[in-house]
Structures are given as C-alpha cells and as structure tokens.
Amino acid sequence: MNSKADNPALGILLICIGVVVISVNDLLIKVLSGGYPLHQMVFTRSAIGLVFTLGLVFYEGGLHLLRTSTPWPHVLRGLLVVTANMTFYAAVAVLPLGQATALFFVAPLFITLLSIPLLGEKVGPLRLGAVVVGFAGVLVMQQPWNADLSVDRSVLLLPVLAALAYAFMQVLTRKLGVTTRASALAVYIQGTFLLVSAGFFLVAGDGRFAEGVENESLIFLLRAWTWPTAEDWPVFIGLGLCSGMVGYCLSAAYRMADAATIAPFEYIGLPLAIFWGWVTFGEWPTVATWIGCALIIGAGLFVFLREQTRNQPLPGRRTRWGRR
C-alpha cells in the first residue's frame, strides 16, 4: 500500500476542513433556495468547482491522472454523490438546517456498517451496539409516534436516503483511492454533477413540471432557471469554490484512512449546521432533535474511540499497512 493511501492524521484533518466547508455550502444553498432551482445551483457551482479541481490535477501531476482502467466504478460513485446531494438539498429547502443535517448524520453509521462487507474491515459488537444507539437517535428525530408533524414524513426520509447514498459513495472512494488521486476523483464528481444538472435543465429547465406542484421540495427541484441577480452572483461563486474544496478534501480523506476511523469526524458538521440555522434563519432545534443529536454524536464518538483502541500498535509489532 502506498503511503499516500495510509495517512490517518492527514485524513482526519482533511475531513474536518471538508465538513466545515460543507456547512458553509449548505447555508448558501438554503439562502438561495427560495429563488432558484436546485439543478441551476448544482450546474453553476460544479462549473466553477471543475476549474478549481482541474487546477489541482495539474498541481498533482497533469491530465494523465484522469485516465482510469475502471471507469464504471467512477461513474457509479459520481451518480451516488449526485443522488445524495439532490435528496439532501431537497430536504434543506423545507426543513430547518440543523434538523436536516442531524438526520443526514446517520451516514457515518451507514459507512461503519458498509465497511464490513465492502471493505473487509472488522467492526466488533461494541461498535455495532453504538451504531444501533445512533440509529435510535435518528428514530427519535423522525418521531413515528407523532401524528401532528408540521412536515411531510417523506421529506424527513430524504436526508436518510441521502446518507445511504453518501455512505456507499465514500466506501467506494476508499476502494478506488488506492490507484486514483484525490484531484481526479473530485474531477469525476464535478463532471457528473454537470452532466446531471444539464440533463435537468434540458428536461425541466423551463419550469413546466413545477406548475401546480405544492410540495416545496419538488418545487425546489423543478422550478425554472433564473438568471442570478448581481447580489446573488457572489453566493454562486462561493458555492463553486466550496464544491471544489469539498470534492477534493473528502476524496483525499477517504483515500488516506480507514472509513471507520475518519467517518465520526464528520459529526462536527452537526453543531455547525445548528449554529448557521440559528444565526441566519432563527431556527432552533426541538427537544426531540437535541435528544437525537446527543444519541448520534455519542454513538459516533464511541465508534471512533473504540477504533483508536483497536488500532493501537503494540511494541514490536507492525501496523496494518506494514510500517512501524
């Protein structure tokens, strides 16, 4: 194994940077969600992000890094991240930012579970128990016993579906990262976003499918393209820069370390989302959301600490990748 594919400390740093940028990205999309369709935001930010990530490709070695002998796994990875983004942001347009993010944070739990059959990583009964506790936190926030929720339950499921697609994508990143640079992985994702959002524009860019629709998430997906105002262009450019940074940081992080090791660090996005929602939109989580957050964060921290203990090298023994 190349050392560049085994650097847990750098992987943790990159995942933290990526999650901070994701929180800003989510905020900017929610700010724009009342006037523009999601696929227009995706197209604009991906076009800008592609320029950024191509610059990283040249920095890491040149366009030859984009060549791959396994194109279809990269296509699948791109479609998974597009699915995760579309479903999550459709929920963000309706739900408070903190609540949508909290529900999405079942993703690291999914990653821990998927790393067992897909990566061959060993997850013991204590960590599996922590995963169950984390899912209980999601259930508390879903409130299946409450018949008087103010939002459609299908909207509450969107972040969970996004989390599942995201988890599959990140586990696949770990497999592909052995032979593919992070900058190339980011370019593939930006390209997929561009193609899918352009397809949305060709089919629904005039807004005809949004006519008569009452579901706010569907309206956000299907409303007509609108040329951005002068005040909104900096926000769109900010989205593009965020997209490029997120694509690189997350791809590099999951390329450099075990999925079960770095996934819990994504939880720092939860307090960030609550903070942005409170400061920008006056949103404050309900008691159920706070309880769910506590269960999920607690489960994630336990999984991380358990992983650290399990991977602690003993004197005179070699680590998993054959280095002292």
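Quick caveat: nothing in here was measured; it's all calculated off a predicted structure.

Colleague: Just checking my understanding: could you explain the confidence of the model for the protein for this structure?
Modeller: Detail in the predicted coordinates should be disregarded across regions flagged by low pLDDT. Looking at the protein, the pLDDT average stands at 82 and 88% of residues meet or exceed 70. Across the protein, the element-wise mean pLDDT spans from 70 in helix H11 (residues 259-262) up to 91 in helix H12 (residues 269-281). Predicted confidence for residues 312-324 stays below pLDDT 50, and this span has 13 contacts to residues more than four positions away or in other chains.

Colleague: How do you make sense of the side chain of serine 115 when you look at a structure like this?
Modeller: Relative to the helices and strands, serine 115 resides in helix H5 (residues 107-119). The exposure class of serine 115 is buried, given its relative accessible area of 0%.

Colleague: Would you explain the side chain of threonine 192 in this entry?
Modeller: Within the secondary structure, threonine 192 is located in helix H8 (residues 182-204). Of note is the side chain of threonine 192, whose polar atom sits 2.9 Å from the backbone oxygen of tyrosine 188. Excluding its chain neighbours within four sequence positions, the residues that come into contact with threonine 192 are Gly78, Leu79 and Val82.

Colleague: Looking at this model, I keep getting lost on the packing of helix H2 (residues 38-60) against helix H3 (residues 71-92). Mind explaining?
Modeller: A pair of packed helices is captured by two measures, namely the crossing angle of their axes and the spacing between those axes. In contact at an axis separation of 11 Å, H2 and H3 are set at 130 degrees when each is read in the N-to-C sense. Here H2 lies oblique to H3, going by the angle between them. Where H2 crosses over H3, the two elements pack in a sense that is right-handed. Taken together, the residues of H3 that come into contact with H2 (itself represented by Leu38, Val42 and Arg45) are Asn85, Met86, Tyr89 and Ala90.

Colleague: Even after reading the chapter, I still don't get the environment of cysteine 249, so can you show me in this structure?
Modeller: By the secondary structure assignment, cysteine 249 is in helix H10 (residues 233-256). The exposure class of cysteine 249 is buried, given its relative accessible area of 7%. Considered as a pair, cysteine 249 and isoleucine 17 are 232 residues apart in the sequence and their alpha carbons are 7.1 Å apart. When residues no more than four places from it in sequence are discounted, the contact partners of cysteine 249 are Leu14, Ile17 and Gly18.

Colleague: What exactly am I supposed to notice about the pattern of salt bridges here?
Modeller: For the structure on display, the rule yields two salt bridges. The partner of lysine 30 in a salt bridge is glutamate 283, and the shortest N-O contact between them spans 3.7 Å. With lysine 30 in helix H1 (residues 8-32) and glutamate 283 in the loop between H12 and helix H13 (287-310), this residue pair connects regions lying 253 residues apart in the sequence. Judged by relative accessible area, lysine 30 falls into the buried class, the value being 10%.

Colleague: Help me understand the packing of aromatic side chains in this model?
Modeller: Geometry of an aromatic ring pair is reported as the spacing of the ring centres plus the angle between the planes. Throughout the structure, instances matching the rule amount to 13 aromatic pairs. A ring pair is formed by tryptophan 227 and tryptophan 233, whose centres lie 5.6 Å apart and whose planes are at 70 degrees; its orientation type is edge-to-face. Ring geometry for tryptophan 278 against tryptophan 284: centres 5.9 Å apart, planes inclined by 65 degrees, an arrangement best described as edge-to-face. An aromatic cluster is present here, built from Phe88, Tyr89, Phe104, Phe105 and Tyr166 joined pairwise through their rings. The ring of phenylalanine 281 carries lysine 30 above its face, with NZ or CZ at 5.5 Å from the centroid. Arginine 45 extends its terminal NZ or CZ atom over the ring of phenylalanine 193, reaching a point 5.2 Å from the ring centre.

Colleague: Looking at this model, I keep getting lost on the packing of H3 against H8. Mind explaining?
Modeller: Two numbers describe how H3 lies on H8: the axes approach to 9 Å, and their chain directions differ by 60 degrees. Regarding the angle of H3 to H8, the classification is oblique. Crossing hand, H3 versus H8: right-handed. Residues His74, Arg77, Gly78, Leu79, Val81, Val82, Asn85 and Met86 of H3 form the contact with H8, whose participating residues are Leu185, Tyr188, Ile189, Thr192, Phe193, Val196 and Phe200. Class assignment for the residues of the contact of H3 with H8 results in 10 nonpolar, four polar and one charged.

What counts, and where the lines are drawn
Residues numbered from 1 in each chain as written. Predicted model: local features only at pLDDT ≥ 70, side-chain atom pairs only at ≥ 80, totals over all residues. Heavy atoms only, no water. pLDDT = per-residue confidence, 0-100. Helix = DSSP H or I, 4+ residues; strand = E, 2+ residues; numbered from the N terminus. Contact = heavy atoms within 4.5 Å. Buried < 20%, exposed > 50% of the residue type's maximum accessible area, 1.4 Å probe, protein only. Polar contact = N/O pair within 3.5 Å; in protein donor to acceptor, adjacent residues only side chain to side chain. Axes fitted to C-alpha atoms, helices over the stretch in contact; angles between N-to-C directions. Parallel < 35°, antiparallel > 145°, perpendicular 65-115°, else oblique. Left-handed = near helix turned anticlockwise from the far one by under 90°. Salt bridge = Lys/Arg side-chain N within 4 Å of Asp/Glu carboxyl O. Phe/Tyr/Trp six-rings, centres within 6.5 Å; stacked < 30°, edge-to-face > 60°. Lys NZ or Arg CZ within 6 Å of the ring centre and 35° of its normal. Nonpolar A, V, L, I, M, F, W, Y, C, P; charged D, E, K, R; others polar.

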